[in-house]
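Each chain, written out:
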Amino acid sequence: MSSEKKPVVHEQEPPQEPPQARLAPRLPPTLLATESAWAGDAAAKKQAREERDAQVRGVTSIHAMREAIRRVGRALPAIAEVPRIGIPDAAAFRARAAQGLPFLITGVAKRWPLSGLTPHTLRERFSHVPVRARVGDYINTAFAPDRAMQDMSMLEYLDLVDGGAEGLPPYLGNLELRELNSMCFWPAYFSKMGPPRFWLGPAGTVTPLHCDYDDNIFAQIWGTKRIFLSPPHHDEFLYANPANAILFGSPFDPEAPDFDKFPLARQATMIECIVNPGDMLYVPAGWYHQVRALTFSLSANRWARAMPFALKGEASLQRAAE
């Protein structure tokens, strides 16, 4: 393994409109025109992305879908824990998902060949695979437009983890590791879904509180994780901010609540759930969740690319055929 230090790179979002303070009247007219065009281009790109997202999901607009999810959330019954069920067929899964509540399916991922391997297999068979690790303070910058990442091989990542470090351990999060796909047998619960995304890291890796406005199935392959869940309409208590149209992040930490800084969060329901090897968790669209690895863990998830089940095919949201 090379000892050369890999450069830190940053994930970039399209530039946002500069603050008005920067558009001082004394600036040359040509620069003002350039900045105005830049801001307009960013807004146009954002609008185009949201239109594509809506088209993929077959809905009239992402904004309308988000509002409908929050409205449906207000009618949900309160739950104190996430129920565990046996493995359902697709029809039974969809019927239960239409209730709009999370649930755990036991034993699904235990059937996968990947579950029968061990972390040592990553060194033996996948050491060459390129990965991008979350490094530094990736919790407080999780939804920032510029987040530190570091490119390396799987072997270099595992060596970095084994070496230990102060602070947050590096995390392989939300990666398409195609080399692992053939060892995962996803049930056909969603008629249309995105590619598998993998999450690998030692105890202490965290994905902070956020929600995705897509239905989600999350499979725990190795290790154990603790997940906190909060219903969609409680975003009004969680100081949520958009990272993009279908991803909202919250600065509130349910594991170390600061009610002086976030007093409204006292009103937010938080449901704690432990996912064990082989479990599959259904997270309905719009539900906030925070995930912490309690042991060295490998997880995978897939997001639906359709109208969420809880909306029950609401006619007013259905996009006309094009």
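Read on for an overview of the structure. All residue numbers refer to position in the chain's written sequence, counted from 1. Residue-level local features of this predicted model are given only where pLDDT is at least 70; pairs of side-chain atoms are given and counted only at 80 or more, and the full residue set underlies all totals for whole chains, interfaces and linings. The basis for every side-chain value is the complete set of heavy atoms in the structure, and neither hydrogens nor water enter the calculation.

### Quick look at the overall build of the protein
On a plain count of helices and strands, the protein comes out with 6 helices and 16 strands. For each residue, the accessible area found with a 1.4 Å probe, counting protein chains only, is set against the maximum for its type, and the residue is called buried under 20%, exposed over 50%, and partly exposed in between. Counting only residues that meet the buried cut, the protein has 48% of its 322 residues in that class. The contact criterion used throughout is that any non-hydrogen atoms of two residues lie within 4.5 Å. For the protein, the share of sequence-separated contacts (at least 6 apart) that also reach a separation of at least 24 residues comes to 80%. Looking at the protein as shown, the accessible area adds up to about 15,600 Å², and 54% of this sits on carbon and sulfur atoms. Runs of E in the DSSP output that reach at least two residues are strands. Runs of H or I that reach at least four are helices, and both are numbered from the N terminus. All accessible-area figures derive from a Shrake-Rupley calculation using a 1.4 Å probe, and residue coverage is judged against the displayed protein chains alone.

### Digging into the sheet that holds strand β2 (residues 84–85)
Between any two strands, at least two bridges found by DSSP are needed for them to pair. Across the sheet, 7 strands lie side by side as β2-β3-β14-β9-β16-β7-β6; this open sheet has mixed pairing. The outermost strands of the open sheet, each flanked by one partner alone, are β2 and β6 (172–175). Pairing analysis gives 6 bridges linking strand β9 (residues 216–222) to strand β16 (residues 297–303), with the strands arranged antiparallel. Its bridge partner being in β16, Phe218 is matched across the sheet by Asn301. Along the sheet face, helix α3 (residues 90–97) touches β2, β3 (103–105), β9 and β14 (280–283) and points at about 160° away from the line of β3. Helix axes are fitted to C-alpha atoms over the stretch in contact, other axes to C-alpha atoms as well, and angles between N-to-C directions run from 0 to 180 degrees.

### Brief notes about the pairing of strand β11 (residues 241–244)
Direction of pairing for β11 relative to strand β12 (residues 247–249): antiparallel, over a ladder of 3 bridges. Bridge pairing in β12 places Asn244 opposite Leu247. The turn linking β11 back onto β12 is made up of 2 residues.

### A few points about the pattern of salt bridges
Opposite charge on two side chains permits them to pair, given that their charged atoms come into close proximity. By definition here, a salt bridge exists when the distance from a side-chain nitrogen of Lys or Arg to a carboxyl oxygen of Asp or Glu is within 4 Å. Taken as a whole, this structure holds 16 salt bridges when the rule is applied. As a salt-bridge pair, Arg123 and Asp162 come within 2.5 Å of each other at their nearest N and O atoms. Residue Arg123 is located in helix α4 (residues 119–125), and its partner Asp162 is located in helix α5 (residues 154–163); the two are separated by 39 residues in the primary sequence. The exposure class of Arg123 is partly exposed, given its relative accessible area of 25%. Given the relative accessible area of 57%, Asp162 is considered exposed. Several salt bridges converge on common partners, so that one network encompasses Asp53, Arg57, Asp214 and Arg305.

### Regarding the environment of Thr207
Among the secondary structure elements, Thr207 is positioned in strand β8 (residues 206–212). On the accessibility criterion, Thr207 (9% relative accessible area) is buried. Taking the C-alpha atoms as reference points, Thr207 and Tyr138, separated by 69 residues in sequence, lie 8.6 Å from one another. What Thr207 contacts, discounting residues up to four positions off in sequence, is Arg134, Tyr171, Trp199, Gln290 and Val291.

### Considerations on the packing of aromatic side chains
A pair of aromatic rings is counted whenever rings of Phe, Tyr or Trp (Trp by its six-membered ring) have centres within 6.5 Å, and the orientation is called stacked for planes under 30 degrees apart, edge-to-face for over 60 and tilted otherwise. The tally for this structure, following the rule as stated, stands at 14 aromatic pairs. Taking the centre distance of 5.8 Å and the plane angle of 35° together, the rings of Phe252 and Phe259 count as tilted. When the centroid spacing of 6.3 Å and the interplanar angle of 85° are considered together, the rings of Phe252 and Phe262 count as edge-to-face. A residue pair is termed long-range when its members are at least 10 positions apart, and Phe252 in the loop between β12 and β13 (271–275) and Phe262 in the loop between β12 and β13 qualify at 10 residues. By relative accessible area, which is 11% here, Phe262 ends up buried. In textbook terms, an aromatic cluster arises when at least three aromatic residues are bridged by ring pairs, as seen for Phe93, Phe103, Tyr189, Phe190, Tyr282 and Phe309. Counted as over-ring charges are cases with an Arg CZ or a Lys NZ within 6 Å of the ring centre that also lie within 35 degrees of the ring normal. A cation over a ring is seen here: Arg70 above Phe248, with NZ or CZ 5.8 Å from the ring centre. Stacked on the ring of Phe103, the Lys or Arg Arg96 has its end atom at 5.5 Å from the ring centre.

Any functional reading would require information that these geometric values do not contain.
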